[in-house]
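Fold and contact review
So you can see what is in the structure, the chains are spelled out below.
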Amino acid sequence: MQLQPYSTGRFSAHLTQSHQAFCDAMLECCGQSRLLQAGEDLLSQGRELTHMCLVPEGRVSMNICAVNGRRFQLGELDCDWHLFGEMEFFTATSCQWSVVAEEPMEIRQLCLKKVRQMLLQQPEFTLFFASALAWDYQDSLDIYTNRLLHPISYNIAFDLLRRQHEEVMLGSCGSPDQEAERFGTSGRVYRRAVKELIDKGLIIKQGALLKIANLQALQDFVDKA
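Residues numbered from 1 in each chain as written. Predicted model: local features only at pLDDT ≥ 70, side-chain atom pairs only at ≥ 80, totals over all residues. Heavy atoms only, no water.

For the protein, an unreviewed UniProt entry supplies the name CRP-like cAMP-binding protein and the organism Shewanella chilikensis.

Here it is, written out as structure tokens:
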């Protein structure tokens, strides 16, 4: 979640007014800072949560790995005072996802006991968590539902259209293999789906990036899928 509240929502006006007080309270819970290199974990799947991570700036990726070795990438995120580990903090469970630094960055570690005490003393700040988690839940569920209910070619096309029309928090990944994991499939199936869209004249490939070749035709493809 981001410390800055979303600009829309039932409590957005109230949260905006209280934002600075919430940030100050969270910063008082910070312990030591930590320097990370690209490829290092902020949080590791299956590990006990020992602290929450606050990232002032820097790009991270999030993934989850199954017992059979298959990995699902949620995407990459450019952080702007983003907090990680908040869900595990409330549920008192081990880390569900691995959060990985994609570039060198400095993070701040939040003491769980201090955050707990702060929320007990100032319970009004739980509204920041509730609102942010509700937005993140809906966004993530939308991603999972599309991955589950539609073929890979549709999901690639829909993802490109969505990025064309609106600002998307979770960015695409840097390599084709990671992109395949973001769409919940193998590299072979992903490449086949990309080729299908290219052969239809809907997209083009520029290096590792996919670009829309025919916006209206791509929209028609999604609408008729």
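Next comes the rest of the account.
1. Some details on unusual backbone geometry
Positive phi, normally seen in glycine, also occurs at tryptophan 81, with a value near 60°. Mapped onto the elements of the fold, tryptophan 81 is located in strand β4 (residues 71–84). (Helix = DSSP H or I, 4+ residues; strand = E, 2+ residues; numbered from the N terminus.)

2. Here we look at the packing of aromatic side chains
Counted under the stated rule, the structure contains eleven aromatic pairs. Seen from their ring centres, phenylalanine 22 and phenylalanine 125 are 5.6 Å apart, and the 55° between their planes marks the pair as tilted. Highlighted residues: phenylalanine 22 in helix α1 (residues 12–27) and phenylalanine 125 in the loop between α3 (112–121) and α4 (126–149), separated in sequence by 103 residues. The exposure classification of phenylalanine 22 matches that of phenylalanine 125, with both residues buried. The interplanar angle of 55° and the centroid separation of 6.2 Å between the aromatic rings of phenylalanine 72 and tryptophan 97 together place this pair among those described as tilted. Highlighted residues: phenylalanine 72 in strand β4 and tryptophan 97 in the loop between α2 (86–91) and β5 (98–101), separated in sequence by 25 residues. Ring pairing ties together the aromatic residues Phe22, Phe89, Phe90, Phe125, Phe128 and Phe129, which thus form one cluster. (Phe/Tyr/Trp six-rings, centres within 6.5 Å; stacked < 30°, edge-to-face > 60°. Buried < 20%, exposed > 50% of the residue type's maximum accessible area, 1.4 Å probe, protein only.)

3. Remarks on the state of the cysteines
What we call a disulfide is simply a covalent bond connecting the sulfur atoms of a pair of cysteines. Applying the stated criterion across every chain yields a total of zero disulfides. Free of any disulfide, cysteine 30 has its nearest neighbouring cysteine sulfur in cysteine 29, separated by 7.3 Å. Accessibility expressed as a relative area gives 16% for cysteine 30, which makes it buried. Unpaired in this structure, cysteine 53 has its nearest cysteine sulfur neighbour in cysteine 95, at a distance of 8.3 Å. The buried category is assigned to cysteine 53, whose relative accessible area is 0%. (Disulfide = S-S within 2.5 Å.)

4. Quick word on α3
Helical geometry: 3.6 residues make up each α-helical turn, so side chains three or four residues apart lie on a common side. Every buried residue of α3 is listed here: Leu112, Val115, Met118 and Leu119. Each buried residue of α3 lies within a common arc of 130° when the element is viewed along its axis, so the set occupies one face. Exposed positions of α3 whose direction lies more than 90 degrees from the buried face are Lys113, Leu120 and Gln121. Packing partners of the buried residues in α3 comprise α1, β3 (52–65), α2, β6 (105–110) and α4. (Arc of directions from axis to C-beta. Contact = heavy atoms within 4.5 Å.)

5. A few points about the pattern of salt bridges
Applying the stated criterion across every chain, the model contains nine salt bridges. As a salt-bridge pair, lysine 195 and aspartate 199 come within 2.8 Å of each other at their nearest N and O atoms. Here the residue lysine 195 and the residue aspartate 199 both occupy positions in helix α7 (residues 187–199), the gap between them amounting to four residues, near one helical turn. (Salt bridge = Lys/Arg side-chain N within 4 Å of Asp/Glu carboxyl O.)

6. Focus: the side chain of glutamate 86
The residue glutamate 86 is located in helix α2 in this model. Buried glutamate 86, no salt bridge; nearest opposite-charge side chain is arginine 34, N-O distance 15 Å. Dropping the residues within four chain positions of it, glutamate 86 is found in contact with Met1, Met52, Phe129, Leu133 and Asp136. (Lys, Arg positive; Asp, Glu negative; His and termini not counted.)

7. Some points on the pairing of β3
Counting buried positions along β3 gives ten out of 14 residues, so the element sits mostly inside the fold. Note: β3 against β6, three bridges, orientation antiparallel. Bridging from a neighbouring strand, leucine 54 pairs with arginine 108 of β6. Pairing of β3 with β4 involves twelve bridges; the strand directions are antiparallel. (Pairing = 2+ DSSP bridges.)

8. Re the nonpolar core
Leu42, Phe84 and Leu110 are the most contacted members of the largest nonpolar core, which totals 42 residues. Setting aside residues up to four positions removed in sequence, phenylalanine 84 forms contacts with Leu42, Leu43, Met52, Cys53, Val55, Val60, Met62, Leu77, Cys79 and Val99. With 18 residues, the next largest nonpolar core counts Ala180, Ala193, Leu218 and Val222 among its residues. (Core = buried A, V, L, I, M, F, W, Y, C linked by side-chain atoms within 4.5 Å.)

9. Some thoughts on the UniProt feature "domain: Cyclic nucleotide-binding" (unreviewed entry) in the protein
UniProt records the feature "domain: Cyclic nucleotide-binding" (unreviewed entry) for residues 35–121 in the present numbering. For residues 35–121, helix accounts for 18% and strand for 49%, while the C-alpha atoms at its two ends are 31 Å apart. (UniProt positions renumbered as here; feature names shortened; annotations may be inferred.)

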